[in-house]
Amino acid sequence: AERERALARPALTLEVGMDIIDPTLPATNYRASLGMELPVLNQRGAFANREVRSANASELRARQQASGLRADLVVAYRTFEATTARKDTLEQAGVPAAQAAARATEESYTLGRASLEAVLDAQRTLIDTQLSLLETRGARANAWIEVEHAVGVS
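For clarity, every value in this text was computed on a predicted model and none was experimentally measured.

Analysis parameters
- The numbers attached to residues start from 1 for each chain and follow its sequence in the written order.
- Two thresholds apply to this predicted model, a pLDDT of at least 70 for residue-level local features and 80 or more for giving and counting side-chain atom pairs, whereas whole-chain, interface and lining totals are computed over all residues.
- To get the side-chain values, take all heavy atoms of the structure and skip hydrogens and water.
- For every element, the axis is a line fit to its C-alpha atoms; helices are fit only across the contacting stretch, and the angle between N-to-C directions ranges from 0 to 180 degrees.
- Counting from the N terminus, the helices are DSSP H or I runs at least four residues long and the strands are E runs at least two residues long.
- When an angle is under 35 degrees it counts as roughly parallel; over 145 it counts as roughly antiparallel; between 65 and 115 it counts as roughly perpendicular; any other value is oblique.
- Take the far helix as your reference; a near helix turned counterclockwise from it by less than a right angle gives a left-handed crossing, and one turned clockwise gives a right-handed crossing.
- Put simply, Ala, Val, Leu, Ile, Met, Phe, Trp, Tyr, Cys and Pro go in the nonpolar bin, Asp, Glu, Lys and Arg in the charged bin, and everything else, Gly too, in the polar bin.
- Stacked, tilted and edge-to-face are the three classes assigned to paired rings of Phe, Tyr and Trp, where Trp is represented by its six-membered ring and a pair needs centres within 6.5 Å; plane angles under 30 degrees give stacked, over 60 edge-to-face, the rest tilted.
- In predicted models, pLDDT denotes the confidence assigned by the predictor to each residue on a 0 to 100 scale.
- Contacts were defined at the residue level, with two residues in contact if any of their heavy atoms lie within 4.5 Å.
- Exposure is judged per residue with a 1.4 Å probe applied to protein chains only, and the accessible area is read against the type maximum: over 50% gives exposed, under 20% gives buried, and values in between give partly exposed.
- Pairs of N or O atoms are called polar contacts if they sit within 3.5 Å, as long as, within protein, a hydrogen donor faces a hydrogen acceptor (for residues adjacent in sequence, only side-chain-to-side-chain pairs).

### What to know about the packing of helix α2 (residues 45–110) against helix α3 (residues 116–151)
Remark: α2 packs on α3, axes separated minimally by 8 Å, with the N-to-C direction vectors making an angle of 165 degrees. It follows that α2 is roughly antiparallel to α3 by the angle criterion. Helix-helix and strand crossings are classified by hand; for α2 and α3 the assignment is left-handed. Its residues assigned to classes, the contact of α2 with α3 comprises 22 nonpolar, twelve polar and eight charged.

Structure follows, in C-alpha cells:
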C-alpha cells in the first residue's frame, strides 16, 4: 500500500547533460533541467485501498487461526484434566470400594447371608470398575496426545 501511495505523490526529476565536440557549437554546451511530475489523473487510490484491505484480511485470518489453535489447546487440556480426575477417583475410591464390596459379599456368602448371585454381581461390578479404570487411563493417554498435537509436538 505504501508503494502504491508513493506512486501517487508528486515527483521531482533532474536531468543533466552536455554536448561535447559538437562542430555546430562554439564550445561545450552544458544543460540541466528540473521538472516536477504531478499525478493529476492517477488512479492508484483503488490499488492502495486494495492492498490495505488485503493486509487486513491476512491479519484477520492469522488471528482467527491463532484463536482456533488456542481453543484446540484449551479443549485438549481440559479433556486431559477431566480424564485425570476420573482416573484418580477410580483409583482412590472406585476400585477400592468395589474390592471391599466384593470381599464383603464373599464373606456374607461364606456365612450364608448372601446368595451366589450377589457374589457374582459384586465380582462383575469389580471387573466393570477395573475396566472403566483401564479405559480411563487409555482416554487420558489419548487426551495427552491431543494436547501435544495442539502444542505442535510431533
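### Examining the packing of aromatic side chains
Across all of its chains, the model carries two aromatic pairs by this definition. When the ring of Y77 is compared with that of F80, the centres are 6.1 Å apart and the planes differ by 35 degrees; the resulting orientation is tilted. Placement of both Y77 and F80 in helix α2 is noted, with a separation of three residues, approximately one turn of the helix. Pairwise contacts between aromatic rings join Y77, F80 and W144 into one cluster.

### Considerations on the confidence of the model for the protein
Predicted confidence across the protein gives a mean pLDDT of 90, with 99% of residues reaching 70 or more. The least confident element of the protein, judged by mean pLDDT, is helix α1 (residues 2–7) at 72; the most confident is α3 at 95.

### Quick notes on the environment of N29
With respect to the secondary-structure elements, N29 resides in strand β2 (residues 29–37). A sequence separation of twelve residues divides N29 from G17, and the C-alpha atoms of the two residues are 8.6 Å apart. If we skip the residues at most four places from it in the chain, N29 touches G17, M18 and D19.

### Things to note about the side chain of T136
Positionally, T136 belongs in helix α3. Judged by its relative accessible area of 5%, T136 falls in the buried class. There is a polar contact of 2.7 Å between the side chain of T136 and the backbone oxygen of S132. In this structure T136 touches T83, R86, K87 and L90, once residues within four positions along its chain are discounted.

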